[in-house]
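Observations on chain architecture
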Amino acid sequence: MSNLPDPSSDHGAAAKDGLPPEPDAGPAWEGPHTQAGPGLRPFGPPSGPPQPTIPDSYGAVPGMAQDGNLPPLPLPSPPGAIGPDGPGSVRIGLWGAPRSGKTTFLSSLPIAAIQHNRHGKGNWVISGMTKEAIEFLNRGMRLLAVDRGFPGATAATAGMSWAFQGEEPRKLAGTRQVGFVLDIHDVSGEVFRPEHPSHEAIVDQLASANGLVYLFDPLLDREHATQSLDFFYATLNAITSRVRDSRGMINGRLPHHVAVCVAKFDDPLLFRPSVEARWVTQDGVGARIPRVPAEAAAGYFTWICDTFRGSSASLVRDALNAYFVPDRISYYATSAIGFRLNADGIFDYRLYANVEQVGGKPRIATSPQPINVLEPLIDLERRIRSRKIKLR
């Protein structure tokens, strides 16, 4: 019988039986948190000293830009070329509140692509299609992997086109060549404020996208959570108006495929409660990275909204299901930097927070190991392409 929690049950009422002890409670351990599936093992007993708190927003500089205009999208590509308007192109918009870590998420993408093949998931290469996109990829790689630092809050809007070229293993045998283009705007969370000068332009971009990545920050305080809900609903309402006017709704719902990414999964303030609520399992090989199993991700998001965060978060969950086709929504527990690994390159619950303070500034402790950063984009492209094929 599976020990995976029932998403409909109350995981917030944390009974003591079967839960991991506090760090000073001794070695007692009453069983695994989840049933281990293929390639997974139950999450081991937590022990060791309490973890330090990761700085809010991974060190993003407080204060977002209040003005600035979106640059024009790249010119259409010649017929047959790979580009934003070429065959097989997929347009995906990035959506998230201030402080949700959008720039860090994007900066970690090239690292995730390089590491993807190591995990036996196929080979992926990301290249910039504009000068700004190339510079962003170079800067993000250098900042996270070499300097072990974090980008500041987005100070302006930036349009980027990235080419993704991949090789994925087929279900039966062999590989499949995949190529697509992502048209992404890295924008300040303040742009999602209705009165922001660039709000109309970003709404147009999100409305015309095939897919959306929504970064959900589960660690916002009450004030920022309320602000996030305001920005979320204003943007959602504006997108709906655009799509409705173009007669693009599907049975009264938006047609987009959506990847909801619960950010900062590595933060001890989120990770330990997730372990205690039995949502986490662990890879059985390699670095033994903890994860929320894909089949439990939707239930995990429900738990985050109803129990861990509550209040306005539940409204976000309900709005997503009301405005989008539910079977076009997928969920992920995401971390742009991953967990700290020990000297043997293995996850260790006694010291897993991957952010440390150096000279008063947050710094990544060990080499970033992004979790579910590239995967949501690949899954979106696959689902969108599959939908297009069915409509032919």
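Each chain has its residues counted from 1, running along the sequence as written. Whole-chain, interface and lining totals are the exception, using all residues; otherwise, since this is a predicted model, local features are given only for residues with pLDDT of at least 70 and side-chain atom pairs are given and counted only at 80 or more. In computing side-chain values, all of the structure's heavy atoms are included and hydrogens and water are not.

We now examine empty space enclosed by the protein. The definitions used throughout rest on a 1 Å grid laid over the protein atoms alone, on which a cavity is an enclosed set of points accommodating a 1.4 Å probe that cannot get out and a pocket is an open set flanked by protein within 12 Å on both sides along at least five of seven lines; lining residues are those having an atom within 4 Å of a point. Grid points are joined across faces, edges and corners, and a volume is the space filled by probe spheres set on the points. In the structure shown here, the tally under the stated rule is 5 cavities of 30 Å³ or more. Roughly 80 Å³ of volume is contained in the second largest cavity. Side-chain classes are defined by residue name, with Ala, Val, Leu, Ile, Met, Phe, Trp, Tyr, Cys and Pro counting as nonpolar, Asp, Glu, Lys and Arg as charged, and the others, Gly among them, as polar. Tallied by class, residues from the lining of the second largest cavity come to 6 nonpolar, 5 polar and 1 charged.

All right, on to the side chain of Lys-264 then. Only DSSP runs of H or I covering at least 4 residues are called helices, and only runs of E covering at least 2 are called strands; the numbering of each starts at the N terminus. By the secondary structure assignment, Lys-264 is in the loop between strand E7 (257–262) and helix H6 (268–276). For each residue, the accessible area found with a 1.4 Å probe, counting protein chains only, is set against the maximum for its type, and the residue is called buried under 20%, exposed over 50%, and partly exposed in between. For Lys-264, a relative accessible area of 4% translates into the label buried. One polar contact links Lys-264 to Asp-217, side chain to side chain, over a distance of 2.9 Å. We define a polar contact as two N or O atoms separated by no more than 3.5 Å, with the added condition that, inside protein, one atom must be a possible hydrogen donor and the other a possible acceptor, whereas residues neighbouring each other in sequence contribute only through side-chain atom pairs.

Right, let's get into the confidence of the model for the protein chain. The predictor attaches a confidence to each residue, and that confidence, scored 0 to 100, is pLDDT. Residue-level pLDDT values for the protein chain average 76, and 69% of them are 70 or greater. Per-residue pLDDT stays below 50 along residues 1–39; that stretch engages in 71 contacts with residues further than four places along the chain or on separate chains. Note on contacts: a residue pair is in contact if any heavy atoms of the two residues lie within 4.5 Å.

For strand E10 (residues 329–333), the buried fraction is high: 5 of the 5 residues fall into the buried class. Side-chain alternation along E10 places Ile-329, Tyr-331 and Ala-333 on one buried face and Ser-330 and Tyr-332 on a second face that is also buried. When E7 meets E10, the two strands line up parallel, connected through 5 bridges. Paired with Cys-261 across the bridge in E10 is Tyr-332. Note on pairing: two strands pair once DSSP finds at least 2 bridges between them.

Moving on: the environment of Gly-128. Inspection of the secondary structure assignment puts Gly-128 in strand E3 (residues 123–128). Taking C-alpha positions, Gly-128 is 9.5 Å from Asn-138, a pair spaced 10 residues apart along the chain. If we skip the residues at most four places from it in the chain, Gly-128 touches Ala-133, Ile-134, Leu-137, Ser-161 and Trp-162.

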